[in-house]
Amino acid sequence: FLFVVPVVPAYYFGAFVSTGKTVEVKEIGGQYVKWLWLPLAVPTWMICFTTIVILSKWIVVGRYKVHLARVPSLAYLRWWFVDRLIHTFEFWVGRFIKDSILLWLVYTLMGAKIHPTAKLDAFVREFD
C-alpha cells in the first residue's frame, strides 16, 4: 500500500507539468499517447516514496532502542515492517542515490549520525 501511494502525486504532477506541452508520439486505439510526463513522474514518485519511508520510520518505530524482542511481539512486528519498507526503498530508490549526498540526507533524516563527507557505498538498516 505505501509503495503505491506515491503514484498519485507523481501522476498528477506529471500531468500538470506536461499539459499542452507533450509530444503526441503514436495513436493507439484512437488516442494519442503522451510521454513527456514520464521523466517527471518517476523522480516525483521517488521523492514521495522516500518521504513516506522516513515518516513511517519515525511514526512506527521512532528512535531505535537496544533490546531483545520476541518474534511474536508488537515490537518485532514494528521493526519488521520498517525493515521491509527500507528494503523496498533500497531496491527502488536507494540504488540510484547510492554514494551521493542524497543518501546521506535520507539517513540523516532517519536519525543516523553520519559525517557529510563519508562515502556511503553500502546501505544501513538501523539508523540510531
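Provided above is the structure to which this section pertains.
A short tour of the structure in this document, coming up. (Residues numbered from 1 in each chain as written. Predicted model: local features only at pLDDT ≥ 70, side-chain atom pairs only at ≥ 80, totals over all residues. Heavy atoms only, no water.)

**A look at the packing of aromatic side chains**
Reasoning step 1: Taken as a whole and judged by the stated rule, the model has 3 aromatic pairs.
Reasoning step 2: Measuring from ring centre to ring centre gives 5.1 Å for W45 and F49, while their planes differ by 5°; the resulting arrangement is stacked. Taken together, the positions of W45 and F49, both in helix α2 (residues 38-61) and 4 residues apart, correspond to about one turn of that helix.
Reasoning step 3: Classification of F49 by relative accessible area gives buried; the value is 0%.
Reasoning step 4: One Lys or Arg, K57, reaches over the ring of W58 and ends 3.8 Å from the middle of that ring.
Reasoning step 5: The ring of F91 has R95 lying over it, and the distance from NZ or CZ to the ring centre is 4.3 Å. (Phe/Tyr/Trp six-rings, centres within 6.5 Å; stacked < 30°, edge-to-face > 60°. Helix = DSSP H or I, 4+ residues; strand = E, 2+ residues; numbered from the N terminus. Buried < 20%, exposed > 50% of the residue type's maximum accessible area, 1.4 Å probe, protein only. Lys NZ or Arg CZ within 6 Å of the ring centre and 35° of its normal.)

**Description of the pattern of salt bridges**
Reasoning step 1: Taken as a whole, this structure holds 3 salt bridges when the rule is applied.
Reasoning step 2: Salt-bridge contacts for R84 lead to D83; the nearest nitrogen and oxygen are separated by 2.8 Å.
Reasoning step 3: Its relative accessible area of 8% is what places D83 among the buried residues.
Reasoning step 4: One salt-bridge network, in which partners are shared between bridges, spans D83, R84, E90 and R125. (Salt bridge = Lys/Arg side-chain N within 4 Å of Asp/Glu carboxyl O.)

**A closer look at the side chain of D83**
Reasoning step 1: Note that D83 resides in helix α3 (residues 74-97).
Reasoning step 2: Polar side-chain contacts of D83 include one of 2.8 Å to the side chain of R84. (Polar contact = N/O pair within 3.5 Å; in protein donor to acceptor, adjacent residues only side chain to side chain.)

**Considering the environment of L109**
Reasoning step 1: Secondary-structure assignment places L109 in helix α4 (residues 101-109).
Reasoning step 2: Apart from the residues lying within four places of it in its own chain, the contact partners of L109 are I54 and W58. (Contact = heavy atoms within 4.5 Å.)

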